[in-house]
Structures are given as structure tokens and as C-alpha cells.
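Observations on chain architecture
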Amino acid sequence: MTRWQKIGLVTAIVLVVIAAVVTLGFRARAGIHHIMYPVAPPMPAIISESMPEILARLEATLKTNAPSVLAGLQPGLSADAITKLEQQYAVLIPDDIKAIYEWHDGSASYSNRLSDDFIPIHRFPSLEETLENKAMEWSGPTGAQKAMGDVIIGYRKSWICLFDDGAGDGYWFDPKRKASEGAVFYNLTEDGQFVFFPSAKNLMAGVARCYETGAFHMKSGTASPELEEDFALAHKLWEEFGASNLSQLQ
């Protein structure tokens, strides 16, 4: 399913309330956005490790357990380079997120969907690529299309992708949200799932733990390196670092 097919899916879900939006205006639109982009439920505590400590541990784990993943990552950005990108794209990036790009500025290539994954089914784009794609995604439509898009998916405008599945889902951060509201999260459009993290540290510590335990591991018997996931183990581990909204949907 492509990014725009997923947007079409979201459109289909909310068409039943478009009449209410037209009738009630801003309040109805805000209500739709709250449903589609909820505030985080109670989350685990922010872990005590610093982001540099977490990233150093992740680096060591990748070197041992997934060297091809580590080899595919680009060198980190300087603080000045990040500041220039912030100015160019008119965004403010939180310090813990900046630390991730100072560690490594995403994947070096996009030649093979499976070989380029940073975590299973998700690639780590460079900061510039991410911000450029975000700017392009929200440019070009007509005035009417922009108005409809704001009603249906306007809640996504501030989202910036960290790890991308190539079809509009993945791991994100929202500079306009407070950490306590769930500014760092995973989203899967098809079922409305969010996993909210109280900090970017929790997200990256969760990635490190998945590699340490084998929840993320290199698939054997393949011609090129491919990441595989033990979904049951990964799901259990993620509960230590973030909180899902699925219980609220049931």
C-alpha cells in the first residue's frame, strides 16, 4: 500500500463525518483530529540513561549483532549543519532528536528496501531527506485540496519522520507537542495504532534492547543482509518503553 493509498484509507474512514465538519466548522475538525491523533495514554517513566549513553550502547550492539546495518549508516551531522537545516525548513528540532542525527545522519542509500532497513521494515532517512520530503508532501495541491486535506489529515502537518516504512507509516516526532502528550511515537494508519514514548531516549533505548535480545536480528540464508523481527518478543519489549492506544480503541 502506497503513502497516498493510505491517505485514501484515512479519507474513507472520516467521510462519514465530513457533513458534521461542514456544519459545525472548527470544533468538528478539532474533534476529528483528536480521534485520529489522540493524546498519549499514561506512559512509562523516562529512562535515566543519557541519549549519548544509549546511542553508544546501540552502536556497540549493532557492531556485534548487525554489522551490515551499522555499515549502512552515514556519519553524523555537526550541530551547525542541523541548525542550517532547521532554518532552511523552518522547524525546531528537540535536543534529543538532534543527538540522533549527530550520531548518524540516516542510511547511506536506498538501493534495496530490505537491505537498507535500520529496524525491520523501516529505513532511517537522513535529516535533509526527511525535511525535504515533508516540505514536498504539503506543497502543490489546489486551495480546495488543501482545505480538504487540512480537515482530514491536517493533524499530520507538524509530524517529522524518524524511521520510515516507505508508505506513510513509521516512527515520528512532533515538535508542536509536549513530551507528556506523546511527541515521539509510532503510527500505523490502517488500524489507528499509536505507540507513544515519553522521550526520544525511550525510543532509541527500545531499539537498542530489541537488537540486544534478538527481537531484531539478521535473517539467515539470504543472499544479501536482511533484518527480521520476532514480533512477539518485540511487542513485549516495547511495552517497557512506550504505551499503546490500542486498549482505548477496544
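Scroll up to find the structure.
Residues numbered from 1 in each chain as written. Predicted model: local features only at pLDDT ≥ 70, side-chain atom pairs only at ≥ 80, totals over all residues. Heavy atoms only, no water.

1. Overview of helix α4 (residues 51-65)
Its 15 residues place the ends of α4 21 Å apart at the C-alpha level, agreeing with the 21 Å of an ideal helix rising 1.5 Å per residue. Buried within α4 are the following residues: Met51, Ile54, Leu55, Leu58, Thr61 and Leu62. Along α4, the residues classed as buried sweep out an arc of 125 degrees about the axis, all on the same side. Every exposed residue of α4 that faces more than 90 degrees away from the buried side is listed here: Pro52, Lys63 and Thr64. Looking at the buried side of α4, the elements it contacts are α5 (67-71), β1 (73-75), α7 (95-103), β3 (117-119) and α10 (200-213). (Helix = DSSP H or I, 4+ residues; strand = E, 2+ residues; numbered from the N terminus. Expected span 1.5 Å × (residues − 1). Buried < 20%, exposed > 50% of the residue type's maximum accessible area, 1.4 Å probe, protein only. Arc of directions from axis to C-beta. Contact = heavy atoms within 4.5 Å.)

2. Examining the packing of α4 against α7
At a minimum axis separation of 10 Å, α4 and α7 run at an interaxial angle of 35 degrees. For the pair α4 and α7, the crossing hand works out as right-handed. Residue-level contacts link Met51, Leu55, Leu58, Glu59 and Leu62 of α4 to Asp96, Ala99, Ile100 and Trp103 of α7. In the contact of α4 with α7, the residues fall into seven nonpolar, no polar and two charged. (Axes fitted to C-alpha atoms, helices over the stretch in contact; angles between N-to-C directions. Left-handed = near helix turned anticlockwise from the far one by under 90°. Nonpolar A, V, L, I, M, F, W, Y, C, P; charged D, E, K, R; others polar.)

3. As for the environment of Leu203
As for its placement among the helices and strands, Leu203 is situated in helix α10. Measuring from C-alpha to C-alpha, the distance between Leu203 and Gly242 comes to 7.6 Å, with 39 residues separating the pair along the chain. Among residues more than four places away in sequence, those in contact with Leu203 are Leu162, Phe163, Tyr171, Val184, Phe197 and Trp238.

4. Some details on unusual backbone geometry
Even without a glycine there, the phi angle at Ala90 is positive, about 55 degrees. The backbone of Ile121 sits at a positive phi, close to 70 degrees, despite the residue not being glycine.

5. Things to note about the nonpolar core
Counting 49 residues, the largest nonpolar core has Leu62, Phe118, Leu203, Met204 and Tyr211 as its most contacted members. Top element by residues in this core is α10. It accounts for eight residues. Excluding residues that lie within four positions of it along the chain, Phe118 makes contacts with Leu58, Leu62, Val69, Leu73, Trp103, Arg123, Phe124, Phe163, Met204, Val207, Tyr211 and Leu227. If you look at the next biggest cluster of nonpolar residues, it comprises 10 residues, including Met36, Ala40, Trp159 and Cys161. (Core = buried A, V, L, I, M, F, W, Y, C linked by side-chain atoms within 4.5 Å.)

6. Things to note about helix α8 (residues 127-137)
Regarding α8, the residues found buried are Leu127, Thr130, Leu131 and Lys134. Buried residues of α8, viewed axially, fall in a sector of 90 degrees; they line one side. Buried residues in α8 make contact with α6 (79-89), α7, β2 (104-107) and β5 (160-164).

7. What about the packing of aromatic side chains?
Tallied over the entire structure, the rule returns 21 aromatic pairs. Each residue in the set Tyr101, Trp103, Phe118, Phe124, Phe163, Tyr171, Tyr186, Phe197 and Trp238 is aromatic and connected to the rest through ring pairs, giving one cluster. The positively charged end of Arg177 is found above the aromatic ring belonging to Tyr37, 3.6 Å away from the centroid. (Phe/Tyr/Trp six-rings, centres within 6.5 Å; stacked < 30°, edge-to-face > 60°. Lys NZ or Arg CZ within 6 Å of the ring centre and 35° of its normal.)

8. Remarks on the pairing of strand β8 (residues 193-197)
The element β8 is largely enclosed, with a buried count of five among its five residues. Burial of the side chains of β8 extends over both faces: Gln193, Val195 and Phe197 are buried on one face and Phe194 and Phe196 on the other. In terms of strand pairing, strand β7 (residues 184-188) meets β8 through five bridges, oriented antiparallel. Residue Leu188 lies in a different strand from β8, and its bridge partner there is Gln193. In textbook terms, the turn of a hairpin is the stretch between consecutive antiparallel strands, and for β7 and β8 this stretch comprises four residues, one of which, Gly192, has a positive phi near 70 degrees. Examined bridge by bridge, β8 and strand β11 (residues 243-244) share two bridges and lie antiparallel to one another. Following the sheet pairing, Phe196 is matched in β11 by Ala243. (Pairing = 2+ DSSP bridges.)

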